[in-house]
Amino acid sequence: RQSTLRNWAERLCTQAAADCNGVGLCIAENSPPCDRLCPLYEACGQDLAACQTACDDRHYLGDDTFVEEYACVAAQASCDERLQCRAGERGAGRPCLNWCRYQTQCNESDVDILDCLDSCSAGLPGEDGLIFEAANDCLSGLGVDVECDDLNQCFSDVSADDLCLQ
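### Notes on helix α8 (residues 113–122)
And step 1. Residues I113, L114, C116, L117 and C120 constitute the buried set of α8. Along the axis of α8, the buried positions cluster into a sector of 155°, meaning they face one direction only.
And step 2. Buried positions along α8 lie against α3 (34–42), α5 (66–75), α7 (94–106) and α9 (126–141).
And step 3. Where α8 begins, the side chain of D112 points an oxygen toward the backbone nitrogen of L114, at a separation of 3.0 Å.
And step 4. Looking one or two residues beyond α8, the residue adopting positive phi is G123, at roughly 110°.

Next up, the structure:
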């Protein structure tokens, strides 16, 4: 974190602060967990330190697509596909992203969204897996910033026939 824009801005602000109260205003919001994303890129030959710096810098500069990028990278097995996620082609992660948003935001689960994305990308077991597969087309077709009503609709369209639970 020493070489990030966030760190540079905090140091510059602290130096310019007139008093202790001013220093308190210099603390930037925390960076996203780049240490979870970057090893997935490192497995594809990307430099870990450079990835973590770029990840933190993008977030500091206002890029709020970290979770979307993580969903995409976690869902991809090949390095070429993972690198497409970094380039902004993130549709592959959308079904798991929307599944996990439904779980964490609409169902108010305490599960960490990145843990949910890891589980979803690895393949959901049992009934959850059947529900996910039945709702996959709907989840894929939704945008990135969807409301719970839209996500609920994906799951209300799933029938018992889809789940083989008759």
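Resuming the write-up.
### What about the side chain of N98?
And step 1. Inspection of the secondary structure assignment puts N98 in helix α7.
And step 2. Excluding anything up to four places from it in sequence, N98 contacts L139, L142, G143, V144, V146 and L151.

### Regarding the pattern of salt bridges
And step 1. For the structure on display, the rule yields six salt bridges.
And step 2. For R36, the salt bridge identified is with D118, shortest N-O distance 2.8 Å. Note that R36 is positioned in helix α3 and D118 in helix α8, a separation of 82 residues in sequence.
And step 3. Three or more residues are tied together by salt bridges with common partners; here these are R36, D112, D115 and D118.

### Comments concerning the state of the cysteines
And step 1. Applying the stated criterion across every chain yields a total of eight disulfides.
And step 2. Disulfide pairing places C34 opposite C55 at an S-S distance of 2.0 Å. Disulfide C34 to C55: torsion about the S-S bond roughly -80°, handedness left-handed. With C34 in helix α3 and C55 in helix α4 (residues 48–60), this residue pair connects regions lying 21 residues apart in the sequence. Across the pair, C55 and C34 agree in class, each one buried.
And step 3. Paired by a disulfide, C100 and C116 hold their sulfur atoms 2.2 Å apart. Disulfide C100 to C116: torsion about the S-S bond roughly -90°, handedness left-handed. Placement of the pair is C100 in helix α7 and C116 in helix α8, with a sequence separation of 16 residues.

### Describing the nonpolar core
And step 1. Judged by nonpolar contacts, the single largest core of 36 residues is most densely connected at W99, L117, L139 and F155.
And step 2. Excluding anything up to four places from it in sequence, W99 contacts C116, C120, L124, D128, I131, F132, L139 and F155.

### Examining the side chain of R82
And step 1. With respect to the secondary-structure elements, R82 resides in helix α6 (residues 79–86).
And step 2. The buried charged residue R82 lacks any salt bridge partner; its closest oppositely charged side chain belongs to E81, at an N-O distance of 7.4 Å.
And step 3. If we skip the residues at most four places from it in the chain, R82 touches L40, Y41, A43, C44, V73, Q76 and A77.

### Notes on α4
And step 1. When the terminal C-alpha atoms of α4 are compared, their 18 Å separation across 13 residues agrees well with the 18 Å that a helix rising 1.5 Å per residue should span.
And step 2. When we look at burial in α4, the residues that qualify are C51, C55, D56, D57 and H59.
And step 3. On its buried face, α4 is in contact with α1 (5–16), α3, α5 and α6.
And step 4. Capping the start of α4, D47 holds a side-chain oxygen 3.5 Å from the backbone nitrogen of A49, two or three residues further along.
And step 5. Looking at the residues trailing α4, positive phi occurs at G62, about 105°.

Cut-offs and rules
- Residue positions are given per chain, counting from 1 as you read along its sequence in written order.
- Local features in this predicted model are restricted to residues whose pLDDT is 70 or higher, and side-chain atom pairs enter the listing and the counts only when it is 80 or higher, whereas totals over whole chains, interfaces and linings include all residues.
- For the side-chain quantities, the full set of heavy atoms in the structure was used; hydrogens and water were omitted.
- For every residue, the accessible area obtained with a 1.4 Å probe (protein chains only) is divided by the maximum for its type, and the residue is called buried under 20%, exposed over 50%, and partly exposed between those limits.
- The secondary structure listing takes helices from DSSP runs of H or I that are at least 4 residues long and strands from runs of E that are at least 2 residues long, numbered from the N terminus.
- Note that the arc is computed from the directions linking the helix axis to the C-beta atoms.
- What makes two residues a contact is simply this: any of their non-hydrogen atoms within 4.5 Å.
- Here a polar contact is taken to be a pair of N or O atoms separated by no more than 3.5 Å, where protein atoms must pair a possible hydrogen donor with a possible acceptor and residues adjacent in sequence count only if both atoms sit in side chains.
- Throughout this description, the term salt bridge denotes a Lys or Arg side-chain nitrogen within 4 Å of a carboxyl oxygen of Asp or Glu.
- By convention in this document, the label disulfide applies to cysteine sulfur atom pairs within 2.5 Å.
- Residues belong to one nonpolar core when they are buried, are Ala, Val, Leu, Ile, Met, Phe, Trp, Tyr or Cys, and are joined through side-chain atoms within 4.5 Å.
- For this count, His and the chain ends are skipped, Lys and Arg are scored as positive, and Asp and Glu as negative.
- Expected span of a helix: the number of residues minus one, times 1.5 Å.

The analysis is restricted to geometry; functional conclusions fall outside its scope.
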